[in-house]
Amino acid sequence: MSVIFIALPVAIGLALSALLVFIWATRAGQFDDLDTPPLRMLHDATARDAAPHDRTPPAG
Amino acid sequence: MPASTLTAGSPPPRASTPSAPHSAAIHCAHCGLTVPPGQRTADDQPQFCCAGCRAIHHVIHDCGLEAYYHLRDAQPGEAARIDPHDRSYAEFDNPAFSQRYCRAEGPLLRCELALSGVHCAACVWLIERLPRVVPGVIEARLEWARGIVSLSWDPQRVPLSRIARGLASLGYEPRPARGGADREAHRDMERRQLVRIAVAGACAGNAMLPAVAMYGGLFSGMDPVHESLLRWASMAIGVVALAWPGATFFRGAWAALRTRTGHLDVPIALALLIGGTAGVVNTLRGIGEIYFDSLTVLVFLLLVGRFLQTRRQRSASETLEALFALTPHSARRLRADGATEDVPLDGLLPGDLVEVRAGETIPADGRIVSGESAIDASILTGESRPVPAIAGQGVHAGTLNLHAAVRIEVLCTGEETRVGRLTQLVARAAQRRAPIVLLADRIAGWFVAAVIVLAAATLLGWWSVSPVRAADHAVALLIIACPCALGLATPLTVAVAIGRAARRGILIKGGDVLERLSRPGRMLLDKTGTLTHGRFELLHWTGPDDSRRRAAALEAHSAHPVGRALAEALAENDDPLECANPGAGPPQSRTCAAAPDVTCVEQHADGIRGRVDGREVLIGAPRFIRRWLSESEAPLPDALHRSAAACAERALTTVWIAEDGCVVAVAGLGDRIRADAAPAVRALRDRGWRLGLLSGDHPSVATATAAQIGFRADEPVIGSASPEDKLHEIERLMAAERGPIVMVGDGVNDAAALAAAHVGVAVRGGAEASLAAADVYLNRAGLEPILEMSELSVRTMRSIRRCLVASLAYNLFGVSLAAAGWLNPLIAAIMMPISSLTVLALASRVNLHPVADSSAVSPQASEAPAMLPVHAGRAPEPSPEALPCP
């Protein structure tokens, strides 16, 4: 049963890392707008032909 | 289009046709483009410009979806009052504008624009393709639900005005998105809520790990070292859950205690505090019960319930945002040299001269210096009749200039204008409104008292047996009495009810609306647009048919709204477009063979005069006709006299038609009453509502409408009500009467009243500002949704009560066990999820089926929806007085 001394911290550590990822995602705005991305998904495939860096103007 | 044409390198046939001289261009039945000659067929089947359009048309046709074409063609006409191509958006390039709305990101600029007319996935696609439409735009990201696009562009390559014109050419009229700070605050609040839920969820899940192990140890025994590890781990997790996400409840309870109001946070915080303290003490002592698994799950579930509820609610700041949108954000200022320049509204000063073209909104309060037009002031006054505007007359910002360009001297701008003061009025009214004490919160006060009394009784009862066990049992009672299910009941039921309502086209802003509406009170209805359709229509006609045709031909030249309504209605029987327009060329079809020949048209402020088929025709207000016929003094025939009197009785706008010096016909125009108004009013009264009518229209119109709908004599009918009058009436009734005061309206002039009333309901087709100020927005035409909403709130409250009873029963059971000393953490841990699941199951049972279910609930209610057409907007309107007399 002494494995619990390792298993318990590991379990909590896993939960903690998932929590940190979730908090990061929230703060990065991943959950701000839940309506548009499902719509955007419908036509994202066709947008690939114009990658953002192609459209970036020359600096200056 | 055949592929061979393209491979051969020749231009597609469509491109060559517009220049080809064809007397009548044939348009594609699907896309509306001109059909190239090679694609035309000889029969009178629909014609298509290419094979693709033909295929799509046949698919639509075969599926029975022809309505698509009607919907597609119907929509732009209503929405587009201003031709977007007409505007330069030069004010977007003004430095003041950039400073206020744009921010720099390296060499690029970023700005948020609010767009009108964003509806569907295709809109997202189209708008986010803006970088291809306008070179120099780097990125366009649309927030679909709010219709706000976030733009990033290179100011060296393209000015913002060019981008704005690009958006306008796509059909989305842009305006700067104000209230960015409020939106950000709201967003941050939602993010914090999510993080709290995440922490609470992680804690709840992990508190279960040691808890389950310890429950196993209850039966099989456990090594003390392992047990103390598990207890310490539980405590660590539990303390995090209580101190971080759980702090919400402590803050809520503290605020409620300070203001001495009942709030459900008080018993929750009490249980969390006592449970947490007892758990920490018992962990340190190494003996006694700890309850951290139950407490962490409790925090998690309650936070989820609240999040579901708030996610459904909209932020209050949207109100003012929408009111700001009423006034244009730029004005066309006249410079000293006579040229015009577009300036942002902030740059406009009193004393400036501005030009306002037909169809544009007036930017500031002022006085007309030159020009003659008519003003649609319904936004401020609710008066559906247009007001003639002549030099010297005062005009208000936000009203619409209807048919000719006028020059206006600006007297005041921004917040000092009437619409600006209205904005402040709405803000104040919304602030003043006292929040309702929800049923669950009213119970909470009694609940706390009962729990403390029971805990004290338990302590005293067990004291004689053993002081230590007495304390343990009292603590267990306080923890098990935590109203978890009680706290979930309201948010869950409300979230479910709001979701169900939204699917039926009733958008509800907050849960308290349902609680307020569950008891009948007084409902005040606005006339224009709520009980009526809100536009001018021909409701009465007495006169011969050929005069009717001549009048239609003459009025086709009129730009006056009354004239336009008349022309549309009169020409309905004829072929309206081609016959009424003699300038279109020689008659082409047999219906046009008899097209009247209109010459010498003279437009006056209150009438129109011209020669039609050789007769001199006058159409206008009675005083206009009398002025022209003064020499001959043509007497009004008896039949016409009676019909004019009938029109006056119904408070219709009367128009006389005279030909060659004789009055030959009388027309009555007015705002048609909705077919479902009278049944809805009866049904509301059956449900116990007292009614009232508040209108900005002339009192005679208001009274006549009320009489036709069937208002009773004791129900207040108030006409000529300004926005301030409406607000005062609402406030007077709120002070004088018991029960909720509900305001139903659609206009900006109702916004303050909507915000002040216990419940403000905005109806479909209303102004954006009224939608934002209201608590409920009805997305379906007609008054039927109001009945549904009333039914829904009754059912929701019934469901909430059921949930409360169930959760109180669980609490009672738990408290009895604790008082008897039979409670242990395992029983608590099992009871809590069961009680929450019960509440969840009960809450999801709120239902809203208009006819089928309501019969089972209350006998009167079943009649009401059945009497109404299900889609009132589509149904034929059979009211006999609405049909023109032959």
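Conventions we followed
- Residues numbered from 1 in each chain as written.
- Chains lettered and ligands numbered in written order.
- Predicted model: local features only at pLDDT ≥ 70, side-chain atom pairs only at ≥ 80, totals over all residues.
- Heavy atoms only, no water.
- Helix = DSSP H or I, 4+ residues; strand = E, 2+ residues; numbered from the N terminus.
- Buried < 20%, exposed > 50% of the residue type's maximum accessible area, 1.4 Å probe, protein only.
- Contact = heavy atoms within 4.5 Å.
- Areas by Shrake-Rupley, 256 points an atom, 1.4 Å probe, with all protein chains shown as cover.
- Axes fitted to C-alpha atoms, helices over the stretch in contact; angles between N-to-C directions.
- Parallel < 35°, antiparallel > 145°, perpendicular 65-115°, else oblique.
- Left-handed = near helix turned anticlockwise from the far one by under 90°.
- Nonpolar A, V, L, I, M, F, W, Y, C, P; charged D, E, K, R; others polar.
- Buried area = accessible area lost by both parts, 1.4 Å probe.
- Salt bridge = Lys/Arg side-chain N within 4 Å of Asp/Glu carboxyl O.
- Polar contact = N/O pair within 3.5 Å; in protein donor to acceptor, adjacent residues only side chain to side chain.
- Pairing = 2+ DSSP bridges.
- Phe/Tyr/Trp six-rings, centres within 6.5 Å; stacked < 30°, edge-to-face > 60°.
- Lys NZ or Arg CZ within 6 Å of the ring centre and 35° of its normal.

Regarding its fold elements, chain B presents 35 helices and 27 strands. Out of the 886 residues belonging to chain B, those deemed buried represent 51%. The contacts in chain B between residues at least 6 apart in sequence include a share of 68% that link residues at least 24 apart. Within the structure as shown, chain B displays about 39,800 Å² of accessible surface, and the carbon and sulfur contribution to it stands at 59%.

Residue and element names in this part refer to chain B. At their nearest, the axes of helix H19 (residues 484–503) and helix H33 (residues 825–843) sit 9 Å apart, and the two run at 25° to each other. It follows from the interaxial angle that H19 and H33 lie roughly parallel. The crossing of H19 and H33 is right-handed. Packed against H19, whose contacting residues are Cys484, Ala485, Leu488, Ala489, Leu492, Thr493 and Val496, the element H33 presents Met832, Ser835, Ser836, Val839, Leu840 and Ala843 at the interface. The residue makeup of the contact of H19 with H33, split by class, is 10 nonpolar, three polar and no charged.

Listed as interface residues are 34 residues of chain B and, on the opposing side, 32 residues of chain A. In total, about 2,800 Å² of surface goes out of reach between chain B and chain A, with carbon and sulfur atoms giving 67% of it. A salt bridge links Arg191 of chain B to Asp32 of chain A; its shortest N-O distance comes to 2.5 Å. Our enumeration of links across chain B and chain A arrives at three residue pairs in polar contact (both at pLDDT 80 or more). Within the residue set of the side of chain B that touches chain A, elements represented by two or more residues are helix H6 (121–128), helix H7 (130–133), strand E3 (137–143), helix H9 (180–220) and helix H10 (224–243) of chain B. Residue contributions to the side of chain B that touches chain A peak at 10 residues, all from H9 of chain B. When grouped by side-chain class, the residues that make up the side of chain B that touches chain A number 21 nonpolar, three polar and 10 charged.

All names here are of chain B. With mixed pairing, seven strands are arranged side by side in an open sheet as E15-E27-E26-E25-E16-E23-E24. Bordering the open sheet on either side are strand E15 (506–508) and strand E24 (717–718), each of which pairs with just one other strand. In this structure, strand E16 (residues 522–526) lies alongside strand E25 (residues 741–745), joined through four bridges in parallel fashion. Paired with Arg522 across the strands is Ile741, a residue of E25.

The next point concerns the sheet that holds strand E13 (residues 400–401) of chain B. Residues and elements named next belong to chain B. Spatially, the three strands line up as an open sheet ordered E11-E10-E13, and their pairing is antiparallel. On the outer flanks of this sheet lie strand E11 (387–389) and E13, each paired with one strand and no other. Where strand E10 (residues 373–376) meets E13, two bridges bridge the pair, whose relative direction is antiparallel. Among the inter-strand pairings, Asp376 is bridged to a residue of E13, identified as Leu400.

Let us now look at the packing of aromatic side chains. Going through the model one piece at a time under the given rule, you end up with one aromatic pair over all chains. A cation over an aromatic ring shows up here: Arg548 of chain B above the ring of Trp541 of chain B, its NZ or CZ 5.7 Å from the ring centre.

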